[in-house]
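# Observations on the three-dimensional arrangement
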Amino acid sequence: MKKIAVLGSTGSIGTQALEVIREHSDKLQATVLVAHRNTDLLRQQIEEFHPELVAVTDREAGKQLRATYTGPTKIIIGPETLTEAAAAANAEIVLVAISGAIGIAPTLAAIEAHKVIALANKETMVAAGDLVNRKAVEADVTIYPVDSEHSAIFQCLQAVPKDALANVILTASGGPFRGYSAAQLANVTVADCLKHPTWQMGQKITIDSASLFNKGLEVIEAHHLFAVDYDKIEVVVHPQSIVHSMIRLRDGGVLAQLGVPDMKLPIQLAFSYPERWTINNAPLHWDTQRTLEFEPPVTDVFRSLPLAYQAGRMGQSATLVYNAANEEAVKAFIADKISFTDLFTVTEEMVVTHTPTPLRDWQDIVMADRAIRNRATEFIATLSK
């Protein structure tokens, strides 16, 4: 029986992870659940899965849950409980399924506690990849990618010798604005962004997918997860979202991982590897899926992608800047303070004016992250819709 801590149990990835645990209750047990403020759903999860520990990061929501809950599950409250839950003794696999840079600290805490990491938080590697990798090596901890693209690459790499790899190829759906011009993008709304053609995801990641910032984050994450140079990471738009990603080999061969656009497979694989279990999921049918299209991304319109490569090649703190500036810009866009195309403008301004510095420890990350968010907020205030 593998004991799982689900950080972000009420979110999109977290709820699907609990579906996997439900389907394999003979092999998996949810012993730790962490949520922010959706205590209505969290209460249902407690009643079904009977975790030993629950953390609620929003204090008021946590107090309300604790005041009305009478069961045996221990409830801890406050944002600091993220790291406590991640390091809890009663879990061996920690699924980091919370979005944003807030996922870095619990990932590091889980590594220091020698947990297996199932990583669905790409910002951890983008903002702190060098530190996370160093700590994982020191602790002899394995990190399994849960992003569908990085899970696909991981799966393909198992079939070949390490020195056979030439390139990794990340696929992108193109989002709801595939084919749009820069002028058309200027007027899109948050509601438009959330109409993703193939994936059902959380709000922030769906907006990032619409702007291709999500793919930029994945480029940087791939560099850290697979130790691949940026000039060996390609992005191709694939609107059907059937080919989740590919690798090109030195002999010219290309290996791909295909499947329906559903996150349960990469979640389950992170729990089961090296075994592959049966999954209760709709299979891919070739009689209905007759077309697979591929095209290059339009990088002069979706400037987020070349900017990710630029930040990655700058190195050190530059990728943290890319992530933090994007997070602040998305918050401002959701709050109707800036336009969609300002997402590019804000992040570009922060990256190109940044002087990279080394991130040697957690304190360096905290200070650099705070500084760039302050700068981004000030710059956002100068923009008008």
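Given the structure is predicted, the values throughout are model-derived calculations rather than measurements.

### With respect to the sheet that holds strand S5 (residues 93-96)
- Reading across from one edge, S4-S3-S2-S1-S5-S6-S7 is the order of the seven strands in this open sheet, with parallel pairing throughout. Edge strands, defined here as strands with exactly one partner in the open sheet, are strand S4 (74-77) and strand S7 (143-145). Neighbour-to-neighbour, the strand axes of the sheet open up by a mean angle of 20°, direction not taken into account.

### A closer look at the environment of Pro106
- Here Pro106 is to be found in helix H5 (residues 104-112).
- Judged by its relative accessible area of 1%, Pro106 falls in the buried class.
- Along the sequence, Pro106 and His24 sit 82 residues apart, while their C-alpha atoms lie 26 Å from each other.
- Ignoring anything within four residues of it in the chain, the contact list for Pro106 reads Leu7, Leu82, Thr83, Ala86 and Ile98.

### Looking at a nonpolar patch on the surface
- On the surface, Leu258, Trp286, Leu292 and Phe294 cluster together into a nonpolar patch covering about 370 Å² of accessible area.
- Residue placement: Leu258 occurs in strand S11 (residues 254-258).
- Relative accessible area serves as the criterion here: at 32%, Leu258 is assigned to the partly exposed category.

### Side note on the packing of aromatic side chains
- Scanning the model with the defined rule gives eleven aromatic pairs in all.
- Plain terms: the ring middles of Tyr144 and Phe154 are 5.8 Å apart, the flat faces sit at 80° to each other, and that makes the pair edge-to-face. With Tyr144 in strand S7 and Phe154 in helix H7 (residues 148-157), this residue pair connects regions lying ten residues apart in the sequence. Comparing Tyr144 with Phe154 shows no difference in burial state: the two are buried.

### Structural notes on helix H6 (residues 122-139)
- The first and last C-alpha atoms of H6 sit only 21 Å apart over 18 residues, clearly below the 26 Å expected at 1.5 Å per residue.
- In the structure, H6 departs most strongly from a straight axis at Ala128, where the bend amounts to approximately 100°.
- Of the residues flanking the end of H6, it is Asp140, one or two places downstream, whose phi is positive at about 55°.

### Regarding helix H16 (residues 362-381)
- The terminal C-alpha atoms of H16 lie 29 Å apart, and with 20 residues this matches the ideal 28 Å at 1.5 Å per residue to within 8%.
- Where H16 is concerned, the buried positions are Asp364, Ile365, Val366, Ala368, Asp369, Ile372, Arg373, Ala376, Phe379 and Ile380.
- Tucked inside the fold, the buried residues of H16 contact H5, H6, helix H14 (318-334) and helix H15 (342-352).
- For H16, the N-terminal cap is Asp361; the gap from its side-chain oxygen to the backbone nitrogen of Gln363 is 3.2 Å.

### What about the sheet that holds strand S9 (residues 233-237)?
- If you trace the four strands from one edge of the open sheet to the other, you get S9-S8-S10-S11, paired in mixed fashion. Bordering the open sheet on either side are S9 and S11, each of which pairs with just one other strand. Adjacent strand axes in the sheet meet at a mean angle of 20° when their direction is disregarded.
- Pairing of strand S8 (residues 165-172) with strand S10 (residues 243-249) involves five bridges; the strand directions are antiparallel. Along S10, the bridge assignment pairs Leu165 with Leu249.
- Across the sheet, helix H11 (residues 213-226) touches S8 and S9, and the angle it forms with S8 is around 155°.

### Digging into the side chain of Ser151
- Looking at the secondary structure, you find Ser151 in helix H7.
- Residue contacts for Ser151: discarding those within four places in its chain leaves Pro145, Pro266 and Leu269.

### Comments concerning the UniProt feature "binding site: 1-deoxy-D-xylulose 5-phosphate" (unreviewed entry) in the chain
- Under the present numbering, the feature "binding site: 1-deoxy-D-xylulose 5-phosphate" (unreviewed entry) in UniProt falls on Lys122, Ser148, Glu149, Ser173, His196, Ser209, Asn214, Lys215 and Glu218.
- With a relative accessible area of 3%, Lys122 lands in the buried category.
- Setting aside residues no more than four positions away along its own chain, Lys122 makes contact with Asp147, Ile205, Asn214, Leu217, Glu218 and Glu221.
- Ser173 sits in the buried class, given a relative accessible area of 11%.
- From its side chain, Ser173 meets the backbone nitrogen of Gly175 in a polar contact 3.0 Å long.

### Some points on the packing of H6 against H11
- The interhelical angle for the contact between H6 and H11, taken along N-to-C directions, is 20°, at an axis separation of 8 Å. The angle between H6 and H11 places the two elements in the roughly parallel class. In this structure, H6 crosses over H11, and the sense of that crossing is left-handed. The residues of H11 that touch H6, namely those facing Lys122, Glu123, Met125, Val126, Gly129, Asp130 and Asn133, are Asn214, Leu217, Glu218, Ile220, Glu221, His224 and Leu225.
- The residue makeup of the contact of H6 with H11, split by class, is five nonpolar, four polar and five charged.

Rules used throughout
Residues numbered from 1 in each chain as written. Predicted model: local features only at pLDDT ≥ 70, side-chain atom pairs only at ≥ 80, totals over all residues. Heavy atoms only, no water. Pairing = 2+ DSSP bridges. Helix = DSSP H or I, 4+ residues; strand = E, 2+ residues; numbered from the N terminus. Axes fitted to C-alpha atoms, helices over the stretch in contact; angles between N-to-C directions. Buried < 20%, exposed > 50% of the residue type's maximum accessible area, 1.4 Å probe, protein only. Contact = heavy atoms within 4.5 Å. Patch = residues over 30% accessible without salt bridge, like charges linked within 9 Å, V, L, I, M, F, W, Y side chains within 5 Å. Areas by Shrake-Rupley, 256 points an atom, 1.4 Å probe, with all protein chains shown as cover. Salt bridge = Lys/Arg side-chain N within 4 Å of Asp/Glu carboxyl O. Phe/Tyr/Trp six-rings, centres within 6.5 Å; stacked < 30°, edge-to-face > 60°. Expected span 1.5 Å × (residues − 1). Bend = angle between axes of the 7 residues up to and from the residue. Polar contact = N/O pair within 3.5 Å; in protein donor to acceptor, adjacent residues only side chain to side chain. UniProt positions renumbered as here; feature names shortened; annotations may be inferred. Parallel < 35°, antiparallel > 145°, perpendicular 65-115°, else oblique. Left-handed = near helix turned anticlockwise from the far one by under 90°. Nonpolar A, V, L, I, M, F, W, Y, C, P; charged D, E, K, R; others polar.

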